[in-house]
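# Geometric and topological summary
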Amino acid sequence: MNSGSEVLTRFGRALADPIRCRLLLPLREPPAHPSDPAEELGISRTRLSDHLACPRDCGLVVAVPVGRRTRYEFADPRLGHALQDLRTAVPAVESDRTCPDADAKGC
């Protein structure tokens, strides 16, 4: 059994890269095939596959074979809701600049 902090760490690792974030956002909708987001992001299928390995290895995303293709979806539908909650929380966090070094620290 994983602790809550381990789950958050894995989720954070998956979201730590901008390309992975852009890959995970569409998974809130119907499951996607890798060729679809690869074209949309302007990256190769190989690079896309490398980026999908992180959330898959973290247990956040599962690969489902569909004929000769593979479809990706969240391992648990609640992850899509959590991602949406994080996404909508960003504007509130973005406007709170109480840290005087926010720009320099990248926070």
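Basis of the calculations
Residues numbered from 1 in each chain as written. Predicted model: local features only at pLDDT ≥ 70, side-chain atom pairs only at ≥ 80, totals over all residues. Heavy atoms only, no water. Helix = DSSP H or I, 4+ residues; strand = E, 2+ residues; numbered from the N terminus. Expected span 1.5 Å × (residues − 1). Buried < 20%, exposed > 50% of the residue type's maximum accessible area, 1.4 Å probe, protein only. Disulfide = S-S within 2.5 Å. Core = buried A, V, L, I, M, F, W, Y, C linked by side-chain atoms within 4.5 Å. Contact = heavy atoms within 4.5 Å. pLDDT = per-residue confidence, 0-100.

## Here's the deal with helix 4 (residues 45–57)
Over its 13 residues, helix 4 runs 18 Å from end to end, which matches the ideal 18 Å to within 8%, given 1.5 Å per residue. By the burial criterion, the buried members of helix 4 are Leu48, His51, Leu52, Ala53, Cys54 and Pro55. The first or second residue beyond helix 4 is Gly59, which carries a positive phi of 85°.

## As for the state of the cysteines
Counted under the stated rule, the structure contains zero disulfides. In this structure Cys58 is not part of a disulfide, and its nearest cysteine sulfur, from Cys54, lies 4.2 Å away.

## Brief notes about the nonpolar core
With 19 residues, the main nonpolar core has Leu24, Leu48, Leu60, Val61 and Phe74 as its most contacted residues. Where this core is concerned, the elements lending two or more residues are helix 1 (4–15), helix 2 (18–24), helix 3 (35–41), helix 4, strand 2 (69–74) and helix 5 (77–95). Contact partners of Leu60, with chain neighbours within four places excluded, come to Arg10, Phe11, Ala14, Pro55, Glu73, Phe74, Ala75 and Leu79.

## Looking at the confidence of the model for the chain
For the chain, per-residue confidence averages 80 on the pLDDT scale, and 78% of positions sit at 70 or higher. Looking at the elements of the chain, mean pLDDT is at its lowest for helix 6 (residues 102–105), recorded as 64, and at its highest for strand 1 (residues 61–66), recorded as 89.

## Quick notes on the environment of Pro77
Topologically, Pro77 is positioned in helix 5. Considering only alpha carbons, one finds Pro77 and Leu60, 17 residues apart in sequence, at a separation of 9.8 Å.

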